[in-house]
Amino acid sequence: MLNRVKIAPSLLSADAGRLADEVAAVTAAGADMIHLDVMDGTFVPNITFGVDVLRAVRQATSLPIEVHLMVQAPERFLAQFAQAGATTLTIHYEATPHVQRALATIRTLGLGAGLALNPSSPPLLVEDLLPDLDLLLVMTVNPGFGGQRFIETMLPKVARARRLLDAAGSQAELEVDGGIGPVQAGALVRAGATILVAGSSIFGADDLRRAITDLRAAARQGQ
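Throughout this description, residue numbers start from 1 for each chain and increase along the sequence as written. Owing to the predicted nature of the model, reporting of local features is limited to residues with pLDDT of at least 70; listing and counting of side-chain atom pairs is limited to 80 or more, with chain, interface and lining totals taken over all residues. Side-chain measures here rest on the full set of heavy atoms in the structure, leaving out hydrogens and waters.

Trainee: Teacher, can you tell me more about the side chain of Ser-170 here?
Mentor: In DSSP terms, a helix is any run of H or I states spanning at least four residues, a strand is any run of E spanning at least two, and both are numbered starting from the N terminus. Note that Ser-170 resides in the loop between helix H5 (154–167) and strand E7 (173–177). Pairs of N or O atoms are called polar contacts if they sit within 3.5 Å, as long as, within protein, a hydrogen donor faces a hydrogen acceptor (for residues adjacent in sequence, only side-chain-to-side-chain pairs). Here the side chain of Ser-170 touches Ala-172 through a polar contact of 3.1 Å, landing on its backbone nitrogen.

The following block contains the structure:
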(Lines give C-alpha, C1' and ligand atoms only; values in the text may rest on other atoms or scores of the structure.)
Protein backbone atom coordinates (compact mmCIF):
# COMPACT_ATOMS: atom_id res chain seq x y z
CA MET A 1 0.00 0.00 0.00
CA LEU A 2 1.35 3.40 -0.97
CA ASN A 3 0.11 5.42 2.00
CA ARG A 4 -2.24 5.31 4.93
CA VAL A 5 -5.78 5.03 3.61
CA LYS A 6 -7.40 8.46 3.41
CA ILE A 7 -11.02 9.26 4.20
CA ALA A 8 -12.66 11.89 1.98
CA PRO A 9 -16.18 12.99 2.99
CA SER A 10 -18.29 13.84 -0.06
CA LEU A 11 -20.17 17.11 0.33
CA LEU A 12 -22.87 15.81 -2.00
CA SER A 13 -24.46 14.27 1.11
CA ALA A 14 -23.88 17.25 3.42
CA ASP A 15 -26.55 19.73 4.48
CA ALA A 16 -26.24 22.35 1.73
CA GLY A 17 -27.82 24.98 3.96
CA ARG A 18 -25.05 24.52 6.53
CA LEU A 19 -22.21 23.66 4.21
CA ALA A 20 -19.46 25.67 5.93
CA ASP A 21 -20.44 24.16 9.29
CA GLU A 22 -20.49 20.65 7.80
CA VAL A 23 -17.02 21.13 6.29
CA ALA A 24 -15.66 22.44 9.57
CA ALA A 25 -17.26 19.52 11.42
CA VAL A 26 -15.73 16.77 9.29
CA THR A 27 -12.39 18.60 9.38
CA ALA A 28 -12.49 18.53 13.17
CA ALA A 29 -13.71 14.92 13.11
CA GLY A 30 -10.54 13.67 11.42
CA ALA A 31 -11.20 13.66 7.68
CA ASP A 32 -8.08 13.61 5.50
CA MET A 33 -9.50 15.57 2.58
CA ILE A 34 -12.74 17.01 1.22
CA HIS A 35 -14.47 15.72 -1.93
CA LEU A 36 -16.57 18.27 -3.84
CA ASP A 37 -18.77 16.94 -6.65
CA VAL A 38 -19.45 19.38 -9.48
CA MET A 39 -22.25 18.30 -11.85
CA ASP A 40 -23.53 20.10 -14.91
CA GLY A 41 -26.84 18.40 -15.72
CA THR A 42 -25.40 17.25 -19.06
CA PHE A 43 -22.65 14.74 -18.37
CA VAL A 44 -24.71 13.51 -15.41
CA PRO A 45 -28.44 14.09 -14.74
CA ASN A 46 -27.99 16.47 -11.83
CA ILE A 47 -26.71 19.98 -11.08
CA THR A 48 -24.72 20.66 -7.92
CA PHE A 49 -21.92 22.94 -6.78
CA GLY A 50 -19.90 25.55 -8.64
CA VAL A 51 -16.88 27.80 -8.26
CA ASP A 52 -18.43 30.06 -5.61
CA VAL A 53 -19.21 27.07 -3.39
CA LEU A 54 -15.61 25.91 -3.70
CA ARG A 55 -14.40 29.34 -2.54
CA ALA A 56 -16.63 29.07 0.53
CA VAL A 57 -15.47 25.52 1.25
CA ARG A 58 -11.83 26.61 0.91
CA GLN A 59 -12.38 29.22 3.62
CA ALA A 60 -13.93 26.63 5.94
CA THR A 61 -11.05 24.12 5.94
CA SER A 62 -7.31 23.79 5.55
CA LEU A 63 -7.66 20.22 4.26
CA PRO A 64 -6.87 19.29 0.65
CA ILE A 65 -9.94 19.64 -1.57
CA GLU A 66 -10.52 17.34 -4.51
CA VAL A 67 -12.94 18.80 -7.03
CA HIS A 68 -14.59 15.99 -8.97
CA LEU A 69 -15.71 17.52 -12.27
CA MET A 70 -18.65 15.48 -13.57
CA VAL A 71 -19.08 17.91 -16.45
CA GLN A 72 -18.88 17.78 -20.21
CA ALA A 73 -15.69 19.32 -21.64
CA PRO A 74 -14.12 19.96 -18.21
CA GLU A 75 -11.16 21.77 -19.79
CA ARG A 76 -13.41 24.86 -19.95
CA PHE A 77 -13.43 25.19 -16.17
CA LEU A 78 -10.02 24.08 -14.93
CA ALA A 79 -8.50 27.52 -14.38
CA GLN A 80 -11.57 28.77 -12.51
CA PHE A 81 -11.59 25.90 -10.04
CA ALA A 82 -7.82 26.14 -9.60
CA GLN A 83 -8.09 29.81 -8.70
CA ALA A 84 -10.97 29.10 -6.30
CA GLY A 85 -8.86 26.82 -4.11
CA ALA A 86 -8.88 23.24 -5.40
CA THR A 87 -5.98 20.98 -4.50
CA THR A 88 -6.79 18.25 -7.04
CA LEU A 89 -9.01 18.40 -10.11
CA THR A 90 -10.49 15.09 -11.23
CA ILE A 91 -12.03 14.86 -14.68
CA HIS A 92 -13.84 11.98 -16.36
CA TYR A 93 -12.26 9.95 -19.13
CA GLU A 94 -15.66 9.88 -20.84
CA ALA A 95 -16.20 13.66 -20.73
CA THR A 96 -13.62 14.93 -23.22
CA PRO A 97 -11.79 13.70 -26.32
CA HIS A 98 -8.69 15.55 -25.12
CA VAL A 99 -8.01 13.73 -21.86
CA GLN A 100 -4.22 14.00 -21.88
CA ARG A 101 -4.32 17.69 -22.73
CA ALA A 102 -6.73 18.36 -19.87
CA LEU A 103 -4.59 16.42 -17.39
CA ALA A 104 -1.48 18.29 -18.50
CA THR A 105 -3.31 21.59 -18.07
CA ILE A 106 -4.28 20.67 -14.51
CA ARG A 107 -0.64 20.04 -13.65
CA THR A 108 0.40 23.26 -15.35
CA LEU A 109 -2.01 25.03 -12.98
CA GLY A 110 -0.08 23.51 -10.08
CA LEU A 111 -2.74 21.02 -9.00
CA GLY A 112 -2.94 17.28 -8.71
CA ALA A 113 -4.42 15.66 -11.83
CA GLY A 114 -7.13 13.05 -11.31
CA LEU A 115 -8.97 10.87 -13.81
CA ALA A 116 -12.28 9.14 -13.09
CA LEU A 117 -13.76 6.07 -14.76
CA ASN A 118 -17.47 5.33 -14.91
CA PRO A 119 -18.50 1.77 -13.98
CA SER A 120 -18.64 0.72 -17.64
CA SER A 121 -15.12 2.02 -18.44
CA PRO A 122 -12.28 -0.52 -17.96
CA PRO A 123 -8.99 0.46 -16.28
CA LEU A 124 -7.00 -0.36 -19.42
CA LEU A 125 -8.36 2.85 -20.98
CA VAL A 126 -5.95 4.87 -18.85
CA GLU A 127 -2.83 2.78 -19.53
CA ASP A 128 -1.23 5.40 -21.81
CA LEU A 129 -2.19 8.22 -19.43
CA LEU A 130 -0.57 6.93 -16.25
CA PRO A 131 2.42 9.31 -16.44
CA ASP A 132 -0.08 12.19 -16.36
CA LEU A 133 -1.99 10.98 -13.29
CA ASP A 134 -1.73 11.80 -9.60
CA LEU A 135 -5.02 10.07 -8.84
CA LEU A 136 -7.19 7.42 -10.50
CA LEU A 137 -10.82 7.35 -9.38
CA VAL A 138 -12.91 4.21 -9.88
CA MET A 139 -16.60 5.05 -9.63
CA THR A 140 -18.41 2.31 -7.73
CA VAL A 141 -21.84 3.73 -8.66
CA ASN A 142 -23.03 5.45 -11.80
CA PRO A 143 -22.30 9.12 -11.16
CA GLY A 144 -24.99 11.74 -10.68
CA PHE A 145 -26.66 11.15 -7.32
CA GLY A 146 -25.62 10.43 -3.75
CA GLY A 147 -26.93 7.59 -1.64
CA GLN A 148 -26.69 4.89 -4.31
CA ARG A 149 -25.94 1.23 -3.62
CA PHE A 150 -22.35 0.05 -4.13
CA ILE A 151 -21.96 -1.99 -7.33
CA GLU A 152 -20.34 -5.23 -6.19
CA THR A 153 -18.74 -5.98 -9.56
CA MET A 154 -16.59 -2.88 -9.12
CA LEU A 155 -14.49 -4.62 -6.49
CA PRO A 156 -12.49 -6.74 -9.00
CA LYS A 157 -12.21 -3.64 -11.18
CA VAL A 158 -10.47 -1.83 -8.32
CA ALA A 159 -8.04 -4.75 -8.09
CA ARG A 160 -7.36 -4.54 -11.83
CA ALA A 161 -6.72 -0.82 -11.52
CA ARG A 162 -4.29 -1.51 -8.66
CA ARG A 163 -2.36 -4.02 -10.75
CA LEU A 164 -2.22 -1.57 -13.65
CA LEU A 165 -0.78 1.19 -11.46
CA ASP A 166 1.72 -1.13 -9.79
CA ALA A 167 2.91 -2.63 -13.07
CA ALA A 168 3.67 0.86 -14.35
CA GLY A 169 5.38 1.90 -11.12
CA SER A 170 2.81 4.67 -10.76
CA GLN A 171 2.60 6.57 -7.48
CA ALA A 172 -0.95 7.76 -8.25
CA GLU A 173 -3.54 7.38 -5.52
CA LEU A 174 -6.33 4.89 -6.22
CA GLU A 175 -9.63 6.36 -5.09
CA VAL A 176 -13.09 4.78 -4.95
CA ASP A 177 -16.38 6.65 -4.77
CA GLY A 178 -19.96 5.49 -4.47
CA GLY A 179 -22.00 3.65 -1.87
CA ILE A 180 -19.03 3.19 0.45
CA GLY A 181 -19.32 2.55 4.16
CA PRO A 182 -17.61 0.33 6.74
CA VAL A 183 -19.06 -2.82 5.13
CA GLN A 184 -17.20 -2.18 1.87
CA ALA A 185 -14.09 -0.45 3.22
CA GLY A 186 -11.92 -3.42 4.14
CA ALA A 187 -12.44 -5.27 0.85
CA LEU A 188 -11.76 -2.11 -1.17
CA VAL A 189 -8.51 -1.49 0.66
CA ARG A 190 -7.48 -5.12 0.17
CA ALA A 191 -8.17 -4.61 -3.53
CA GLY A 192 -5.79 -1.67 -3.50
CA ALA A 193 -7.75 1.52 -2.82
CA THR A 194 -5.88 4.28 -1.00
CA ILE A 195 -8.68 6.90 -0.77
CA LEU A 196 -12.27 6.16 0.25
CA VAL A 197 -14.88 8.75 -0.66
CA ALA A 198 -17.95 8.49 1.56
CA GLY A 199 -21.04 10.65 1.61
CA SER A 200 -24.20 9.37 3.25
CA SER A 201 -22.33 6.94 5.52
CA ILE A 202 -20.63 9.96 7.11
CA PHE A 203 -23.08 12.84 6.83
CA GLY A 204 -26.06 10.59 7.50
CA ALA A 205 -24.61 9.56 10.86
CA ASP A 206 -25.52 11.17 14.18
CA ASP A 207 -21.84 11.37 15.19
CA LEU A 208 -19.48 12.47 12.41
CA ARG A 209 -16.34 11.64 14.36
CA ARG A 210 -17.58 8.13 15.10
CA ALA A 211 -18.59 7.64 11.46
CA ILE A 212 -15.11 8.58 10.23
CA THR A 213 -13.44 6.54 12.97
CA ASP A 214 -15.53 3.47 12.12
CA LEU A 215 -14.78 3.82 8.41
CA ARG A 216 -11.07 4.19 9.10
CA ALA A 217 -11.08 1.17 11.41
CA ALA A 218 -12.84 -0.92 8.76
CA ALA A 219 -10.32 0.25 6.14
CA ARG A 220 -7.46 -0.68 8.43
CA GLN A 221 -8.73 -4.26 8.47
CA GLY A 222 -7.91 -4.40 4.77
CA GLN A 223 -4.29 -3.29 5.15
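Trainee: Hey, could you run me through the layout of surface pockets in this one?
Mentor: To find leftover empty space, a probe the size of one water molecule is rolled over the atoms. A volume near 180 Å³ is recorded for the second largest pocket. Buried and open spaces are told apart on a 1 Å grid over the protein atoms alone, a cavity being a set of points where a 1.4 Å probe fits but cannot get out and a pocket being an open set with protein on both sides within 12 Å along at least five of seven lines. Residues with an atom within 4 Å of a point are the lining residues. Lining the second largest pocket are 13 residues; nearest its centre among them are Lys-6, Met-33, Thr-88, Leu-135 and Glu-173. Throughout, the ten residues Ala, Val, Leu, Ile, Met, Phe, Trp, Tyr, Cys and Pro are labelled nonpolar, Asp, Glu, Lys and Arg are labelled charged, and all others, Gly among them, are labelled polar. When grouped by side-chain class, the residues that make up the lining of the second largest pocket number 5 nonpolar, 3 polar and 5 charged. Grid points are joined across faces, edges and corners, and a volume is the space filled by probe spheres set on the points.

Trainee: Got a minute to help me understand the sheet that holds strand E6 (residues 135–139) in this structure?
Mentor: Sheet strands pair via backbone hydrogen bonds, and the direction of the pair is either parallel or antiparallel. Taken in spatial order, the 8 strands of this open sheet run E1-E8-E7-E6-E5-E4-E3-E2, and their pairing is parallel. Of all the strands in the sheet, the pair left with one neighbour each is strand E1 (6–9) and strand E2 (34–39). Each strand axis lies, on average, 25 degrees off the axis of its neighbour in the sheet, ignoring direction. Each pair of strands is called paired provided DSSP finds at least two bridges between the two strands. Looking at chain direction, E2 and strand E3 (residues 65–70) are connected through 6 bridges and run parallel. Among the inter-strand pairings, Ile-34 is bridged to a residue of E3, identified as Ile-65. Along the sheet face, helix H2 (residues 51–60) touches E2 and E3 and points at about 165 degrees away from the line of E3. Interaxial angle, 0 to 180 degrees, is taken between N-to-C directions of lines fitted to C-alpha atoms, where a helix line uses only the stretch in contact. Residue contacts are counted whenever heavy atoms from the two residues lie within 4.5 Å of one another.

Trainee: Looking at this structure, I do not really get the pattern of salt bridges. What am I missing?
Mentor: Oppositely charged side chains may form a pair once their charged atoms are brought near each other. By salt bridge we mean one thing: a side-chain nitrogen of Lys or Arg within 4 Å of a carboxyl oxygen of Asp or Glu. Summed over the entire model, instances satisfying the criterion amount to 7 salt bridges. A salt bridge links Glu-173 to Lys-6; the shortest N-O distance between them is 2.7 Å. Of the two residues, Glu-173 sits in strand E7 while Lys-6 sits in strand E1, which places them 167 residues apart along the sequence. Relative accessibility thresholds used throughout: buried, under 20% of the residue-type maximum; exposed, over 50%; partly exposed, between the two (1.4 Å probe, protein chains only). For Lys-6, a relative accessible area of 27% gives the class partly exposed. Close ionic contact of Arg-162 with Asp-166 constitutes a salt bridge, the shortest N to O distance being 3.2 Å. Taken as a pair, Arg-162 and Asp-166 lie in helix H5 at a separation of 4 residues, close to a single helical turn. The class for Arg-162 is buried, based on a relative accessible area of 10%. What makes Asp-166 partly exposed here is its relative accessible area of 45%.

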